[in-house]
Amino acid sequence: NAGVTQTPKFQVLKTGQSMTLQCAQDMNHEYMSWYRQDPGMGLRLIHYSVGAGITDQGEVPNGYNVSRSTTEDFPLRLLSAAPSQTSVYFCASIGASGGRDTQYFGPGTRLTVL
Amino acid sequence: AQSVAQPEDQVNVAEGNPLTVKCTYSVSGNPYLFWYVQYPNRGLQFLLKYITGDNLVKGSYGFEAEFNKSQTSFHLKKPSALVSDSALYFCAVRDGNSGYSTLTFGKGTMLLVSP
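Calculation criteria
- Residues numbered from 1 in each chain as written.
- Chains lettered and ligands numbered in written order.
- Predicted model: local features only at pLDDT ≥ 70, side-chain atom pairs only at ≥ 80, totals over all residues.
- Heavy atoms only, no water.
- Contact = heavy atoms within 4.5 Å.
- Buried area = accessible area lost by both parts, 1.4 Å probe.
- Salt bridge = Lys/Arg side-chain N within 4 Å of Asp/Glu carboxyl O.
- Polar contact = N/O pair within 3.5 Å; in protein donor to acceptor, adjacent residues only side chain to side chain.
- Helix = DSSP H or I, 4+ residues; strand = E, 2+ residues; numbered from the N terminus.
- Nonpolar A, V, L, I, M, F, W, Y, C, P; charged D, E, K, R; others polar.
- Phe/Tyr/Trp six-rings, centres within 6.5 Å; stacked < 30°, edge-to-face > 60°.
- Buried < 20%, exposed > 50% of the residue type's maximum accessible area, 1.4 Å probe, protein only.
- Pairing = 2+ DSSP bridges.
- Axes fitted to C-alpha atoms, helices over the stretch in contact; angles between N-to-C directions.
- Disulfide = S-S within 2.5 Å.

**Student:** I'm lost on the interface of chain A and chain B in this one. Help?
**Tutor:** Interface size is commonly expressed as the accessible area that is lost once the parts come together. The partner chain B presents 20 residues to the 23 residues of chain A that form the contact. Carbon and sulfur atoms make up 55% of the area that chain A and chain B hide from each other, which totals about 1,600 Å². It is Leu43(A), Asp101(A) and Phe105(A) in chain A that bury the most area against chain B; as a group they hold 33% of the surface buried on that side. Taken together, the links from chain A to chain B amount to zero salt bridges. Linking chain A to chain B there are two residue pairs in polar contact (both at pLDDT 80 or more). When contributions to the side of chain A that touches chain B are tallied by element, the ones reaching two or more residues are β4 (31-38), β5 (42-51) and β9 (87-94) of chain A. When residues in the side of chain A that touches chain B are grouped by element, the largest group, five residues, is from β5(A). Considered class by class, the residues forming the side of chain A that touches chain B number 11 nonpolar, eight polar and four charged.

**Student:** Looking at this structure, how should I read the packing of aromatic side chains?
**Tutor:** Remark: the centre distance and the inter-plane angle together describe each pair of aromatic rings, the angle taken between the planes. Applying the stated criterion to the full structure yields 13 aromatic pairs over all chains. Judged by centre distance (5.4 Å) and plane angle (85 degrees), the ring pair of Tyr35(A) and Phe105(B) falls under edge-to-face. You can see Tyr35(A) sitting in strand β4 and its partner Phe105(B) sitting in strand β11 (residues 104-105), one on each of two chains. Across this residue pair, the class does not change: Tyr35(A) and Phe105(B) are buried. Ring pairing ties together the aromatic residues Tyr35(A), Phe105(A), Phe34(B), Tyr36(B), Phe46(B), Phe90(B) and Phe105(B), which thus form one cluster.

**Student:** I keep staring at the sheet that holds strand β1 (residues 4-7) of chain A and nothing clicks. Help me out?
**Tutor:** One key point about sheets: their strands pair by backbone hydrogen bonds, in either a parallel or an antiparallel sense. All names here are of chain A. Strand order in the open sheet made by the four strands is β1-β3-β8-β7, with antiparallel pairing throughout. The sheet is open, and its two borders are formed by β1 and β7 (64-66), each paired with just one other strand. For this sheet, the mean inter-axis angle between neighbouring strands, taken without regard to orientation, is 20 degrees. Alignment of β7 against strand β8 (residues 76-78), held across three bridges, turns out to be antiparallel. The residue bridging Asn-65 from the neighbouring strand is Arg-77, located in β8.

**Student:** Which parts of the structure should I look at to understand the pattern of salt bridges?
**Tutor:** Note on pairing: side chains with opposite charge can pair once their charged atoms come close. In this structure the tally under the stated criterion is five salt bridges over all chains. Arg36(A) is the partner of Asp38(A) in a salt bridge, and the nearest nitrogen-oxygen pair spans 2.9 Å. Its salt-bridge partner being Lys77(B), residue Glu66(B) comes within 3.5 Å of it at the nearest N-O pair. One end of the pair, Glu66(B), is in strand β8 (residues 64-68); the other, Lys77(B), is in strand β9 (residues 73-78), with 11 residues separating them in the sequence. Classification of Lys77(B) by relative accessible area gives partly exposed; the value is 29%. Residues joined in a network through salt bridges with shared partners are Arg36(A), Asp38(A) and Arg44(A).

**Student:** I keep staring at the side chain of Gln38(B) and nothing clicks. Help me out?
**Tutor:** Residue position: Gln38(B) is located in strand β5 (residues 31-38). Here the side chain of Gln38(B) touches Gln37(A) through a polar contact of 2.8 Å, side chain to side chain. One polar contact links the side chain of Gln38(B) to the main-chain carbonyl oxygen of Arg42(B), over a distance of 2.9 Å. Beyond its immediate chain neighbours, meaning those up to four positions away, Gln38(B) contacts Gln37(A), Phe90(A), Gly43(B), Leu44(B), Ala87(B), Leu88(B) and Phe90(B).

**Student:** Even after reading the chapter, I still don't get the side chain of Ser87(A), so can you show me in this structure?
**Tutor:** Residues and elements named next belong to chain A. Residue position: Ser-87 is located in strand β9. By relative accessible area, which is 6% here, Ser-87 ends up buried. Apart from residues no more than four positions distant in its own chain, Ser-87 is found in contact with Arg-36, Gln-37, Asp-38, Thr-109, Arg-110 and Leu-111.

**Student:** Explain the state of the cysteines here, please?
**Tutor:** Disulfides are covalent bonds that connect the sulfur atoms of two cysteines. Applying the stated criterion across every chain yields a total of two disulfides over all chains. Between the sulfur atoms of Cys23(A) and its disulfide partner Cys91(A) the distance amounts to 1.9 Å. Between Cys23(A) and Cys91(A) the sulfur-sulfur dihedral comes to about -70 degrees; the bridge is accordingly left-handed. Note that Cys23(A) is positioned in strand β3 (residues 19-25) and Cys91(A) in strand β9, a separation of 68 residues in sequence. Taken as a pair, Cys23(A) and Cys91(A) share a single burial class, namely buried. Covalent S-S linkage joins Cys23(B) and Cys91(B), the inter-sulfur distance amounting to 2.0 Å. Here Cys23(B) and Cys91(B) share a disulfide; its torsion about the S-S bond, -65 degrees, makes the bridge left-handed. In this pair, Cys23(B) is assigned in the loop between β3 (19-21) and β4 (24-26) and Cys91(B) in strand β10 (residues 87-95), connecting sequence segments 68 residues apart. You can call Cys23(B) buried: its relative accessible area is 0%.

In structure tokens:
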């Protein structure tokens, strides 16, 4: 199993550009989530999904959209990038197979918005 | 609302000495508590968790954590630190009465182990 994969690893955007951060897991996990990590602020939840077709907002959802059309994929869309969205983004998943409370994290995407 | 506090931004310890990384929490229901570790330029890795049972939980790489309900604490410990333990450590909590409720993370504590 590849676990949780994220692409790209690095990205530089100009203010106003849009892009999609990809996240995929091959563990058949029901629950997936997106976090952003900023220095001194820990991880903050952006959006999460408890299954295909079901998504909900986390602590800092503004400026981001998500969808969950399949169990495997959970892309994060930045509609109009802003410098405040410069951060490291992590995708994570949980499923019964790994213990329902253990989150598996991807390697992250480092995003810079100029 | 649930919250986690990691009062130390950084902990310094010499190799071979015991280490403690502190965590306190607040949650309305039953606390489910976790420690994760992050090495440079990597994602978070699960270390250990407390759901129920013994207050002393053993995890990966020789780490353990003690759940103290009266003090609402879940401190991470290791009897003998290694230089390779140097990393960023996160404590997290969720309400066990709320199904798939979201995890709340602390701000992280940087552990530096000197040779």
